[in-house]
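Residue-level listing of the chains:
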Amino acid sequence: MLVDSHCHIDTARFNADREAIIQAAFEGGVTRIIDPGCDLASSEHALKLAKAHPGIIFAGVGTHPHDATTHTEEVGARYREMAMEPEVMAIGEFGLDYFRMLSPRDVQRAVFVAHLELARECKLPCIIHVRDSHDDVIELLRAHGQGLRGVFHCFSGDAAQAEECLAFEGFMLSFAGPLTRQGNALPEVARMAPLERVLVETDSPYLVPQPLRAKRNEPLFVKYVAEKLAEIRSMTLEEIARITTANALSLFGLGEPAR
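Note that this is a predicted model, so its numbers are computed, not measured.

### Brief notes about the pattern of salt bridges
Per the counting criterion, the structure on display carries 10 salt bridges. In this structure, the salt-bridge partner of Glu-87 is Lys-51, at a minimum N-O distance of 3.2 Å. Here Lys-51 lies in helix H2 (residues 40–52) and Glu-87 lies in the loop between helix H3 (73–82) and strand E4 (88–97), a separation of 36 residues in the sequence. When the shortest N-O distance is used, the salt bridge between Asp-136 and Arg-109 registers 3.3 Å. With Asp-136 in helix H5 (residues 134–144) and Arg-109 in helix H4 (residues 105–122), the pair connects residues that are 27 residues apart, well separated along the chain. For Asp-136, a relative accessible area of 19% corresponds to the buried category. Taken together, the salt bridges that share partners define one network made up of Glu-44, Arg-78 and Glu-81.

### As for the packing of H4 against H5
Between H4 and H5, the shortest axis-to-axis distance is 11 Å and the interhelical angle comes to 40 degrees. Looking at the two axes, H4 sits oblique to H5. Two packed elements cross with a definite hand, and for H4 against H5 that hand is right-handed. Across the interface between the two elements, Arg-109, Phe-112, Val-113, Leu-116 and Arg-120 of H4 pack against Asp-136, Val-137, Glu-139, Leu-140, Leu-141 and His-144 of H5. Here the residues of the contact of H4 with H5 sort into 6 nonpolar, 1 polar and 4 charged.

### Examining the sheet that holds strand E8 (residues 198–200)
Strand pairs in the sheet, formed through backbone hydrogen bonds, run parallel or antiparallel to each other. The strand order E1-E2-E3-E4-E5-E6-E7-E8 describes an open sheet built from 8 strands, whose pairing is parallel. Each of the sheet's edge strands pairs with one partner strand only, and the pair in question is strand E1 (2–4) and E8. Neighbouring strand axes in the sheet, compared pairwise and without regard to direction, differ in orientation by 30 degrees on average. Strand direction decides the pairing type here: strand E2 (residues 30–36) and strand E3 (residues 57–61), joined by 4 bridges, are parallel. In the strand pairing of E3, Ile-34 is matched with Phe-58. Strands E2, E3 and E4 of the sheet are contacted by H2, whose axis makes an angle of about 160 degrees with E3.

### Considering the environment of Ala-24
Among the structural elements, Ala-24 can be located in helix H1 (residues 18–27). Classification of Ala-24 as partly exposed rests on a relative accessible area of 29%. Placed 195 residues apart in sequence, Ala-24 and Pro-219 show a C-alpha to C-alpha distance of 8.7 Å.

### Examining unusual backbone geometry
A cis amide bond links Ser-204 to the next residue, Pro-205, at an omega of 5 degrees. Topologically, Pro-205 is positioned in the loop between E8 and helix H8 (222–232). For the bond running from Gln-210 to Pro-211, omega is 10 degrees, close enough to zero to count as cis. Looking at the secondary structure, you find Pro-211 in the loop between E8 and H8. Non-glycine residue Met-101 carries a positive phi angle of around 50 degrees. When you line up the elements, Met-101 lands in the loop between E4 and H4.

The rules behind these values
Residues numbered from 1 in each chain as written. Predicted model: local features only at pLDDT ≥ 70, side-chain atom pairs only at ≥ 80, totals over all residues. Heavy atoms only, no water. Salt bridge = Lys/Arg side-chain N within 4 Å of Asp/Glu carboxyl O. Helix = DSSP H or I, 4+ residues; strand = E, 2+ residues; numbered from the N terminus. Buried < 20%, exposed > 50% of the residue type's maximum accessible area, 1.4 Å probe, protein only. Axes fitted to C-alpha atoms, helices over the stretch in contact; angles between N-to-C directions. Parallel < 35°, antiparallel > 145°, perpendicular 65-115°, else oblique. Left-handed = near helix turned anticlockwise from the far one by under 90°. Contact = heavy atoms within 4.5 Å. Nonpolar A, V, L, I, M, F, W, Y, C, P; charged D, E, K, R; others polar. Pairing = 2+ DSSP bridges.

Function cannot be inferred from these measures alone, as they are strictly geometric.
Below, the structure is given as structure tokens:
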């Protein structure tokens with residue numbers, strides 16, 4: 001039993017076989033999927049999917065930093081309305097991305113703070129995107145995020161950065177496909193992170209885990225991330241599945257698995 005804590009099953013890359021992919025994941029032991037929006041349209045689609053798959057898919061609403069220039073007060077007001085729906089379990093995906101710089105830094109920072117304020121108002125956890133922007137994310141969280149909870153999704157930093165993230169008591173680290181790859185600090189992070197503060201995800205359709213050669217990631221493949229985490233921690237897959245599922249239930253307030 002696993003939870004894919006971050007999967008964009010709403011994207012067009014799943015249009016041809018979305019229902020089959022969801023069914024395959026469920027039959028393969030992935031009992032819940034969190035689908036975070038990246039803009040207003042994808043947030044609405046994620047909510048629609050969650051309503052169509054009660055107890056299996058849950059939605060997040062938010063604006064990805066790539067799309068920060070599309071975020072307006074009206075969009076924020078719509079997110080606030082959507083957050084009232086029982087299928088919406090988080091605010092996000094939002095954050096800062098200084099790698100591709102598809103939105104100006106000042107706009108990204110302002111939208112980041114707006115999402116923190118929305119999460120506080122709605123009493124929902126945050127799903128935070130961080131790429132080449134760790135210091136600014138930590139700065140803004142220290143200034144505006146005290147007392148909030150959430151997850152640093154697809155964590156990609158080193159152990160020192162992980163320590164700074166974990167200093168926010170309500171936040172967890174989520175591992176994705178990069179944990180299965182060579183040449184990064186993630187195994188060290190996975191060894192040092194408290195087990196009660198970790199999640200697993202796919203970030204589908206992106207970041208296919210090794211050793212797969214698939215061109216598209218999917219929720220079922222979260223088991224490969226969990227297997228790698230179990231290997232690093234010298235634990236069984238069953239133990240890691242139980243722990244990360246309990247963590248996801250706790251953070252996102254998920255109910256019992258669908259039968």
